[in-house]
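Structural overview
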Amino acid sequence: MKCKFLNKNIQNNSVIVFFNGWGMDSNMLSHLDFAGFDVIECNSYHTNGLFLFDELERYEKKYLFAYSMGVWAAAKTFDSYSALFDLKIAIAGSIFPVDDLNGIPVSIFTATLQNLSPVTLEKFNLRMCGSEEILKFYKKVKLDRDFDDCKSELQFIYNHSLTKMNNFNFDTAIISKNDKIFSVNNLKYSFSDTKQIFLDAPHFPFYLWKSWNDLLNFEVLVENE
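None of these values were measured; they are calculated from a predicted model.

Looking at the packing of aromatic side chains
- Across all of its chains, the model carries 22 aromatic pairs by this definition.
- Seen from their ring centres, phenylalanine 19 and tyrosine 45 are 5.9 Å apart, and the 5° between their planes marks the pair as stacked. Of this pair, phenylalanine 19 sits in strand β2 (residues 14-19) while tyrosine 45 sits in the loop between β3 (38-43) and β4 (61-67); the two residues are 26 residues apart in sequence, bridging distant segments of the chain.
- With a centroid separation of 5.8 Å and an interplanar angle of 70°, the aromatic rings of phenylalanine 206 and tryptophan 209 are classed as edge-to-face.
- A relative accessible area of 0% means that phenylalanine 206 is categorised as buried.
- On the accessibility criterion, tryptophan 209 (5% relative accessible area) is buried.
- Three or more aromatic residues link up through ring pairs in this structure, and these residues are Phe18, Phe65, Tyr67, Phe137, Tyr138, Phe204, Phe206, Trp209 and Trp212.
- The aromatic ring of tyrosine 59 is capped on one face by arginine 58, whose charged end is 4.2 Å from the ring centroid.
- Stacked on the ring of phenylalanine 168, the Lys or Arg lysine 88 has its end atom at 5.9 Å from the ring centre.

Have a look at this one:
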């Protein structure tokens, strides 16, 4: 796992930890204004590396956002540290990513992995974004991940996805109504004991927000409605 600060200012007393999706890196978040938050981003879950636990000690407020396959990776990382964060939000993903009831059905996941190529990856990205317009937004990001690296990470996720986490729970699950990667019904089932927020968006919803504060306040505003 690779983790790094995207923003670090000694004057900030709040930190956001973001666990990214499969095949993604910090460039995906480059359009989000930091708005007074320090931000730690994690990706590449198949690589050697540990989370920066020591770096969190000085912060008064700690928030966790996890997206897509990062939901599983975050739960795995913090399985024994559920009380570490003031708020934990899952976005368009499941703690059990390869699962017929809670995540992506086994047959679909294995077929995606077995047939993965640069061409099918492009088709996957279109399904993820839901439209050519949002795909153009996504492509402007210019992710620094090559195909072989992405395939190795997907294989790693499949190999380790059956590990059950029993001590970690998210406070809120944000579910995209137009998600063509994770079934909406499966996510509703997976987070049946968790507060759920539904977006009119595809699997990739980050075009909706301009800052980290927008994303954090979105959860609060919906809660207060």
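Observations concerning unusual backbone geometry
- Positive phi, normally seen in glycine, also occurs at serine 44, with a value near 55°.
- Mapped onto the secondary structure, serine 44 falls in the loop between β3 and β4.
- One non-glycine residue, alanine 92, lies in positive phi territory at about 55°.
- In this fold, alanine 92 is placed in the loop between β5 (87-91) and α2 (106-114).

Some points on the environment of tyrosine 45
- Assessed through its relative accessible area of 6%, tyrosine 45 is described here as buried.
- C-alpha of tyrosine 45 to C-alpha of glycine 21: the two residues are 24 residues apart in sequence and 9.5 Å apart in space.
- Discounting chain neighbours no more than four positions away, the residues touching tyrosine 45 are Met1, Phe19, Asn20, Gly70, Trp72, Ala73, Glu153 and Phe156.

Observations concerning the environment of leucine 113
- With respect to the helices and strands, the residue leucine 113 is situated in helix α2.
- A C-alpha to C-alpha distance of 31 Å links leucine 113 and serine 82, two positions 31 residues apart in sequence.

What about the nonpolar core?
- Counting residues in each nonpolar core, the largest one holds 75 residues, and the members touching the most others are Phe19, Phe51, Tyr67 and Phe170.
- If you tally residues by element for this core, the top one is helix α1 (residues 69-77), at six residues.
- Here phenylalanine 170 is in contact with Leu64, Ala66, Val71, Ala74, Lys88, Ile89, Ala90, Ile95, Phe191 and Thr194, once residues within four sequence places are set aside.

Conventions adopted
- Residues numbered from 1 in each chain as written.
- Predicted model: local features only at pLDDT ≥ 70, side-chain atom pairs only at ≥ 80, totals over all residues.
- Heavy atoms only, no water.
- Phe/Tyr/Trp six-rings, centres within 6.5 Å; stacked < 30°, edge-to-face > 60°.
- Helix = DSSP H or I, 4+ residues; strand = E, 2+ residues; numbered from the N terminus.
- Buried < 20%, exposed > 50% of the residue type's maximum accessible area, 1.4 Å probe, protein only.
- Lys NZ or Arg CZ within 6 Å of the ring centre and 35° of its normal.
- Contact = heavy atoms within 4.5 Å.
- Core = buried A, V, L, I, M, F, W, Y, C linked by side-chain atoms within 4.5 Å.

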